[in-house]
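Structural overview for review
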Amino acid sequence: MSRGRAGRARVVEADVCVIGAGAGGAVAAAELAEGGASVVVLEQGPRHDADRFSARPLDMLARIYRDGGQTTTLGTPPILLPLGRGLGGTTLVNSGTCFRTPPAVLERWQREFGLETLTEDALDPCFARVEAALSISEVTPELAGRNAAVARRGAEALGWSHGFLRRNAKGCIGSGVCAFGCPTSAKQHVGITYVPRAEAAGAQVISGADVRRVLVERGAARGVEAQLVGPGGGWLQVHAPTVIVACGTIHTPLLLARSGLGRASGELGHNLALHPATGAFALMDEVVDMARGVPQSFYVDEFAAEGIMFEGVAGPPSYAAMSLPLSGRRHAAAMERYRNLAMFGLMVSDGSRGSVRSLAGRPVIRYELQEEDVARFRRGL
Amino acid sequence: MSRAKPNLGREGLDRFVDAAPQPASSGLRLLVALERRPRGRRMLGRIHAVDQLANGLVAMGHYEDPANALALGWDADAIASRGRALRREEGRL
């Protein structure tokens, strides 16, 4: 920071500065504040007012998603990365599905990274604590809607392992727009759960704070410098002996790189895994009304050991229109029968790895889907 | 004098395109402009993937429009209003 800017910056002192109010940052902030620490949370996006959630996908994409939902990888194929923007981070825009980390993944972490303390038994009370805080429960068949019923019927006929997903929702009425701003605030994203808890415990949560760098002295983080966007603007410095960088998979490495941190490992910005996903449509004889009910409510895990997981996906007509792999008259004809369309998604546990770096302040995300993952998609479809 | 009714689909699509990072935003704007003209559509039709993207974009705007969505059983205003009412009733955030 230049001397002039340093002189003009507003300065706040805290025990801990948390950067990002998403799944990682909000939880850390609440736990630390409730434990007695003085905490400042800086969030780049705004504080959204659920009164303005319109249940119209295009409108909401532009408002609550980073880059309007158009953050895209460079590679074959290009992949859209849905990233939330605002208090709640990506929990604001995800479907609400909440899995405990599967035992096979914990075992791999132990094997590859030496994370031997992260066992199922050790994590059980931690998972239970978060599940209680987020009101995580299994979707009921009634709330799951007819799109899930179609998939369930198929899974049952084939004898495939399946079930209803567990998600963070309370008082859900199946509005069908979890990914576009829940109008009932039934989805318990961290912006309405952990963030208010952090604030109630005394944390200062500042939205519209674009953190430019972590301040480092003698090799240790000593605070954060942020540019405030919106009315008033200006610069902010948070002086804190502990800094938690929780800007997500894409933006955390960029901030660390800007701050001159983490480069020595040679791993900064590498090893990006995405769990890429796609969806398939089916034209049914019956009316499905795919967006009525919880879009991601049902799963088929018959092929989980192969790295293929099927999960529900659905949305209002404008969402379906963008997702249909058709054009021209065929597209129009399919959309005329929207009410009879069913949709289901598949997600691949990827072996492919990508990278993130900055170009003119923007993330450049490279990711090539390797042949073994392409094969998983083919098999899944 | 009555004012023209806003076209929520078209406005939504414009905002969506504006929200994309550059240079994608300019590219999408061009695709939308071409897709909205018969000659542009014919041109796009030669490249399948681009044609599909342009078609999807414009269709997204079309079905975002309340009248077109309602014809397919989707009433966004009713869903949003019901959500607001429930939040008030139950004191949700």
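A few points on the structure. Note that this is a predicted model, so its numbers are computed, not measured. (Residues numbered from 1 in each chain as written. Chains lettered and ligands numbered in written order. Predicted model: local features only at pLDDT ≥ 70, side-chain atom pairs only at ≥ 80, totals over all residues. Heavy atoms only, no water.)

1. Topic: the packing of aromatic side chains
All names here are of chain A. Taken as a whole and assessed by the stated rule, the structure comprises six aromatic pairs over all chains. Ring centres of Trp160 and Phe303 lie 4.9 Å apart, and the angle between their planes is 85°; on these two criteria the pair is classed as edge-to-face. Taken together, the residues Trp160 in the loop between helix H6 (141-158) and strand S7 (162-164) and Phe303 in the loop between strand S15 (298-300) and strand S16 (308-312) connect sequence positions 143 residues apart. Residue Trp160 is classed as partly exposed on the basis of its relative accessible area of 29%. Among the aromatic side chains, those forming a connected cluster through ring pairs are Trp160, Phe303 and Phe310. (Phe/Tyr/Trp six-rings, centres within 6.5 Å; stacked < 30°, edge-to-face > 60°. Helix = DSSP H or I, 4+ residues; strand = E, 2+ residues; numbered from the N terminus. Buried < 20%, exposed > 50% of the residue type's maximum accessible area, 1.4 Å probe, protein only.)

2. Brief notes about the sheet that holds S7(A)
Residues and elements named next belong to chain A. With antiparallel pairing, five strands are arranged side by side in an open sheet as S7-S15-S16-S17-S14. Whereas interior strands pair on both sides, the edge strands pair on one side only; in this sheet they are S7 and strand S14 (277-283). In this sheet, neighbouring strand axes are inclined to one another by 25° on average, regardless of whether the strands run parallel or antiparallel. Two elements, S14 and strand S17 (residues 341-348), share seven bridges in a ladder whose sense is antiparallel. Its bridge partner lying in S17, Gly279 is registered against Gly345. Packed on one face of the sheet, H6 meets S7, S15 and S17 and runs near 180° to S7. (Pairing = 2+ DSSP bridges. Axes fitted to C-alpha atoms, helices over the stretch in contact; angles between N-to-C directions. Contact = heavy atoms within 4.5 Å.)

3. Re the interface of chain B and chain A
At the junction of the two partners, chain B supplies 37 residues and chain A supplies 45 residues. Both faces combined, the contact of chain B with chain A buries some 3400 Å², and carbon together with sulfur accounts for 60% of it. Here A:Asp51 ties to B:Arg88 by a salt bridge, and the two come within 2.5 Å at their closest N and O atoms. The interface formed by chain B and chain A holds 19 residue pairs in polar contact (both at pLDDT 80 or more) in total. Every element with two or more residues in the side of chain B that touches chain A is listed here: helix H1 (8-19), helix H4 (48-64) and helix H6 (76-90) of chain B. Here the element with the most residues in the side of chain B that touches chain A is H4(B); it accounts for eleven residues. Taken together, the residues that form the side of chain B that touches chain A break down as 20 nonpolar, eight polar and nine charged. (Buried area = accessible area lost by both parts, 1.4 Å probe. Salt bridge = Lys/Arg side-chain N within 4 Å of Asp/Glu carboxyl O. Polar contact = N/O pair within 3.5 Å; in protein donor to acceptor, adjacent residues only side chain to side chain. Nonpolar A, V, L, I, M, F, W, Y, C, P; charged D, E, K, R; others polar.)

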